[in-house]
Amino acid sequence: MCNPIFGGVTLTRFGSETAKAELLPALVSGKLKFAMALTEPDSGTNTLALRCVARAEGDGWRLNGQKIWITCVAEADKLLVVARTTPAESAGGKTRGISLFLIDRDRKGLTHTAIEKVGTNTLPSSTIFFDDVRVEPHELIGTLDGGFRELLDVLNTERIVTAAGLVGTADLALRLGVSYSRDRKVFGKTPIGSYQAIQFPFAEAKIYAEHARLMNYKAASLYDQGLPYGSEANMAKWLAGHAAALATDRAMQTMGGMGYSKEFHVERLWRDARLFRIAPVSEEMVLNFVAQHDLEMPRSY
Ligand SMILES: Cc1cc2nc3c(=O)[nH]c(=O)nc-3n(C[C@H](O)[C@H](O)[C@H](O)COP(=O)(O)OP(=O)(O)OC[C@H]3O[C@@H](n4cnc5c(N)ncnc54)[C@H](O)[C@@H]3O)c2cc1C
């Protein structure tokens, strides 16, 4: 996604007054678009193992490395780049040595190539190469070497925004599927929507969607109050991913062959919704988080 969170949260929470004054009005008006370059081919989900390096040079840095699956690169004006600024061995702690930079997308040495993907094709997702890309001193956002903890605020708010979109997807798929089931008659004059085999999975998806909505409101409200909200944001994203997957799949099933046709919306919703069981955080990593942080179980990896 070209998500305003990537600039909005970083700037409001960690930006200098100059950066806020310059960038926030353009962000709010939609003139300035932001992408986030976190994921790398080798480290994947394990952010602390990332290899993209920002080496100090004069008053700024030089970026080298590769990112993958970065959405909206071509459309974005600014990239939130997560890079290592101090080697893990000498950083003084497992989560230290990583920093955030908000850089211009248009920069010498930065190249990107779109990846062919199953869905979410309204915005391309790309591989990025940083080849000695200059980073200016004012482009560091937040604390040098302390970016990992600050990044969590970006990732958790991204989960809230993602969950909101997924609840909307579930709502739409339910509307389309239920409406089709009201009209479609196959055996005599009885619409297929009168069969429990059609109704129950829709009802189940509706229950997931309403739970996701409520948990997401809770996460957003905690965030607004400045209270811890990581567990709620993760749970909301997990629930919403399930709700959207279930609702889109059942809408497709209910529409039979027509559900598989490109003529209707449902096949696109189904393809798009599948992504969100993997990204921006996978279901497994949410379950790891809940087991560890909410149930205080040992870390398994
Ligand atoms: C279309 C698309 C758009 C994206 N957009 C962006 C973007 O804009 N910016 C960005 O930075 N990234 C983006 N991503 C990357 C996305 O966040 C990652 O794909 C996702 O976090 C999973 O990482 P990975 O693909 O490296 O999987 P891996 O880390 O290789 O994981 C593979 C599988 O193993 C499981 N797994 C790994 N470790 C564990 C464990 N400890 N316990 C249990 N299971 C585990 C995972 O849950 C997953 O199912 C995008 C991805 C896609 C596909």
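First, a word on what this report is: a plain description of the structure on this page. (Residues numbered from 1 in each chain as written. Predicted model: local features only at pLDDT ≥ 70, side-chain atom pairs only at ≥ 80, totals over all residues. Heavy atoms only, no water.)

Once that is clear, we can look at the state of the cysteines. This model, assessed by the stated rule, comprises 0 disulfides. Cys52 forms no disulfide, and the closest cysteine sulfur to it belongs to Cys72, at a distance of 19 Å. (Disulfide = S-S within 2.5 Å.)

Right, let's talk about the site of the ligand for a bit. Taken together, 19 residues lie near the ligand, and Thr39, Thr45, Trp69, Thr71 and Ser282 sit nearest. Residue Asn288 places a side-chain N or O atom 3.0 Å away from a nitrogen atom belonging to the ligand. A total of 980 Å² of accessible area belongs to the ligand in isolation, and the protein chains cover 69% of it. Sorting the residues of the shell around the ligand by element identifies β3 (60-71) and α8 (283-294) as the ones contributing at least two each. Among the residues forming the shell around the ligand, the class breakdown is 10 nonpolar, 7 polar and 2 charged. (Near = heavy atom within 4 Å. Polar contact = N/O pair within 3.5 Å; in protein donor to acceptor, adjacent residues only side chain to side chain. Areas by Shrake-Rupley, 256 points an atom, 1.4 Å probe, with all protein chains shown as cover. Helix = DSSP H or I, 4+ residues; strand = E, 2+ residues; numbered from the N terminus. Nonpolar A, V, L, I, M, F, W, Y, C, P; charged D, E, K, R; others polar.)

In this section: the packing of helix α3 (residues 147-183) against helix α5 (residues 230-254). Where α3 meets α5, the closest approach of the two axes is 7 Å, and the angle between their N-to-C directions is 25°. In this view, α3 runs roughly parallel relative to α5, as classed from their interaxial angle. Regarding α3 and α5, the two cross each other, and that crossing is left-handed. Across the contact of α3 with α5, the residue classes break down as 15 nonpolar, 9 polar and 2 charged. (Axes fitted to C-alpha atoms, helices over the stretch in contact; angles between N-to-C directions. Parallel < 35°, antiparallel > 145°, perpendicular 65-115°, else oblique. Left-handed = near helix turned anticlockwise from the far one by under 90°.)

Here we come to the nonpolar core. Counting residues in each nonpolar core, the largest one holds 29 residues, and the members touching the most others are Leu11, Met36, Leu151 and Val154. With 5 residues, the single largest contributor to this core is helix α2 (residues 17-28). Excluding anything up to four places from it in sequence, Leu11 contacts Ala19, Lys20, Leu23, Leu24, Phe34, Leu102 and Ile141. (Core = buried A, V, L, I, M, F, W, Y, C linked by side-chain atoms within 4.5 Å. Buried < 20%, exposed > 50% of the residue type's maximum accessible area, 1.4 Å probe, protein only. Contact = heavy atoms within 4.5 Å.)

Before going further, it helps to spend a moment on the environment of Ser231. As for its position among the elements, Ser231 is in helix α5. Ser231 sits 55 residues away from Val286 along the chain, and the two C-alpha atoms are 8.7 Å apart. There is a polar contact of 2.9 Å between the side chain of Ser231 and the side chain of Asp294.

To continue, consider unusual backbone geometry. Going from Ala279 to Pro280, the amide bond is cis rather than trans, its omega being -5°. By the element assignment, Pro280 lies in the loop between α7 (266-275) and α8. Of note in the backbone geometry, Trp69 takes a positive phi value of approximately 65° without being a glycine. On the accessibility criterion, Trp69 (45% relative accessible area) is partly exposed. The phi torsion at Thr120 lies on the positive side, around 40°, for a residue other than glycine. If you trace the backbone, Thr120 turns up in the loop between β6 (110-115) and β7 (125-135).

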